[in-house]
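# Coordinates in review
Here is how the chains run, residue by residue.
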Amino acid sequence: MNMETTTQTPVDFMQLFVEQLLDQLGFAELSDESRQPYMVQFIAELERRIGLALEAELNETDITALNDLLASGEVSADQMTAFWQSRVPEYDSIVNDAMASFARDMQQTAASL
């Protein structure tokens, strides 16, 4: 699943990715109401995995800057993306790898059911 990110916000991009993944996993026939709990859970897990992968790339100075940013109050998805892109040179690659790994894991889980 390789999707263009230049015209979408990070949240829109993840939502679209998860919607397509759910379709691939056989959830296409579910109503929007029935899909919503899966969307919420999948997006939360994807955000967690991406965050952990990116955080592993930070040095102490970057971690302090991240903590300061988060402590500053409401942080938008665009602000978080700008932070990660400025601090993690391989941002795009890491995010793509985390998304591909998540998709594989979900496909394997679905296949075992």
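Residues numbered from 1 in each chain as written. Predicted model: local features only at pLDDT ≥ 70, side-chain atom pairs only at ≥ 80, totals over all residues. Heavy atoms only, no water.

## Considerations on the pattern of salt bridges
- Enumeration over the complete set of coordinates arrives at five salt bridges.
- Residue Arg 48 pairs with Glu 45 through a salt bridge whose shortest N-O separation is 2.8 Å. With Arg 48 and Glu 45 both in helix 2 (residues 32–55) and three residues apart, this pair spans about one turn of that helix.
- On the basis of relative accessible area, Arg 48 is assigned to the partly exposed category, the value being 44%. (Salt bridge = Lys/Arg side-chain N within 4 Å of Asp/Glu carboxyl O. Helix = DSSP H or I, 4+ residues; strand = E, 2+ residues; numbered from the N terminus. Buried < 20%, exposed > 50% of the residue type's maximum accessible area, 1.4 Å probe, protein only.)

## Examining the packing of aromatic side chains
- Under the definition given, this model contains three aromatic pairs.
- Taken together, a centroid distance of 5.4 Å and an interplanar angle of 75° make the contact between Phe 83 and Trp 84 edge-to-face.
- For Trp 84, a relative accessible area of 9% translates into the label buried. (Phe/Tyr/Trp six-rings, centres within 6.5 Å; stacked < 30°, edge-to-face > 60°.)

## Concerning helix 3 (residues 60–71)
- With 12 residues, helix 3 extends 16 Å between its outermost C-alpha atoms, agreeing within 8% with the 16 Å of an ideal straight helix rising 1.5 Å per residue.
- Within helix 3, burial applies to Asp 62, Ala 65 and Leu 66. Considered in projection along helix 3, the buried side chains sweep an arc of 100° and stay on one side of the axis. Away from its buried face, by an angle of more than 90 degrees, helix 3 presents the exposed residues Glu 60, Thr 61 and Ala 71.
- Taken together, the buried residues of helix 3 touch helix 4 (77–87).
- Of the residues flanking the end of helix 3, it is Gly 73, one or two places downstream, whose phi is positive at about 120°. (Expected span 1.5 Å × (residues − 1). Arc of directions from axis to C-beta. Contact = heavy atoms within 4.5 Å.)

## Some details on the environment of Ile 94
- Inspection of the secondary structure assignment puts Ile 94 in helix 5 (residues 91–112).
- Looking at Ile 94, the relative accessible area reads 14%, which means it is buried.
- Spatially, the C-alpha atom of Ile 94 lies 9.5 Å from that of Glu 57, the residues being 37 residues apart in sequence.

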